Amino acid sequence: LHPLVVINISDHLTRVRANADAAAAPPRVFGAVLGTQAGRRVELANSFELKVAAAGSSGSAAIDMDYLRTRLEQYKKTFPSLDMLGWYSTSTAPAPDESDIAVHQQLCELNEALLYLALDPSGLVGGGGGTGDLPI
């Protein structure tokens with residue numbers, strides 16, 4: 001896991017939180033993770049945010065697939081060796097829930113073997129217990 005991926009996720013979350021209503025629940029953020037894979041060796045090198053919209057009463061996220069395809073094409077022109085290997089989101093749940101599985105199934109349209117990287121924002125400020133570990 002390259003540090004740039006962690007920095008991008010943290011930056012994405014910070015910008016969304018800064019623009020959100022302080023009284024509202026912290027918003028979740030979603031993004032794509034790019035990297036290389038050779039056999040069982042996986043290197044996650046870069047990431048970018050995804051456009052999402054709340055879908056119906058279930059509250060699950062709906063990924064804007066046209067936006068995702070466009071961004072992937074742009075990245076391929078600049079970084080031809082990088083492929084979409086997974087996606088990220090912020091979550092305080094100890095395991096993926098139904099909404100995460102719905103997003104994963106939607107993204108599997110592009111790659112059927114995606115990794116899921118979850119960042120627990122409660123461990124970032126005051127909730128991490130001072131362990132020094134990344135809440136990933």
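Quick caveat: nothing in here was measured; it's all calculated off a predicted structure. (Residues numbered from 1 in each chain as written. Predicted model: local features only at pLDDT ≥ 70, side-chain atom pairs only at ≥ 80, totals over all residues. Heavy atoms only, no water.)

Student: Would you explain the pattern of salt bridges in this entry?
Tutor: Two side chains carrying opposite charge are able to pair once their charged atoms lie near each other. Scanning the entire structure with this criterion turns up 6 salt bridges. Here Arg 15 ties to Asp 11 by a salt bridge, and the two come within 3.0 Å at their closest N and O atoms. Of this pair, Arg 15 and Asp 11 both sit in helix 1 (residues 3-19), 4 residues apart, roughly one helical turn. Judged by relative accessible area, which is 36%, Arg 15 ranks as partly exposed. (Salt bridge = Lys/Arg side-chain N within 4 Å of Asp/Glu carboxyl O. Helix = DSSP H or I, 4+ residues; strand = E, 2+ residues; numbered from the N terminus. Buried < 20%, exposed > 50% of the residue type's maximum accessible area, 1.4 Å probe, protein only.)

Student: Would you mind showing me how to read helix 3 (residues 98-107) here?
Tutor: Given 3.6 residues per helical turn, the α-helix brings residues three or four places apart onto the same face. For helix 3, every residue scored as buried is listed here: Ser 99, Asp 100, Val 103 and Leu 107. Projection of helix 3 onto a plane perpendicular to its axis shows the buried side chains occupying an angular sector of 100°, all on one side. Seen from the buried face of helix 3, the exposed residues on the opposite side, beyond 90 degrees, are Glu 98 and Gln 105. Where helix 3 is buried, its residues contact strand 1 (30-38), strand 4 (60-63), helix 2 (65-78), strand 5 (83-90) and strand 6 (115-119). (Arc of directions from axis to C-beta. Contact = heavy atoms within 4.5 Å.)

Student: Can you help me understand the side chain of Asn 46 in this one?
Tutor: Tracing the backbone through its elements, the reader meets Asn 46 in strand 2 (residues 41-49). Here Asn 8 takes part through its side chain, which lies 3.1 Å from a polar atom of the side chain of Asn 46. If sequence neighbours within four positions are ignored, Asn 46 has contacts with Leu 4, Val 5, Asn 8, Ala 32, Val 33, Leu 34, Tyr 75, Phe 79 and Leu 82. (Polar contact = N/O pair within 3.5 Å; in protein donor to acceptor, adjacent residues only side chain to side chain.)

Student: What exactly am I supposed to notice about the nonpolar core here?
Tutor: When a protein is soluble and globular, its nonpolar side chains tend to lie buried together. Formed by 18 residues in total, the largest nonpolar core has its most connected members in Leu 34, Phe 48, Leu 68, Met 84, Val 103 and Leu 107. Here the element with the most residues in this core is helix 2; it accounts for 4 residues. Once you skip the residues sitting within four places of it in the chain, Met 84 turns out to touch Ala 32, Val 33, Leu 34, Leu 68, Leu 72, Leu 107, Leu 110, Asn 111 and Leu 114. Among the nonpolar cores identified, the runner-up in size contains 10 residues, and Ile 9, Val 29, Leu 44 and Leu 119 belong to it. (Core = buried A, V, L, I, M, F, W, Y, C linked by side-chain atoms within 4.5 Å.)

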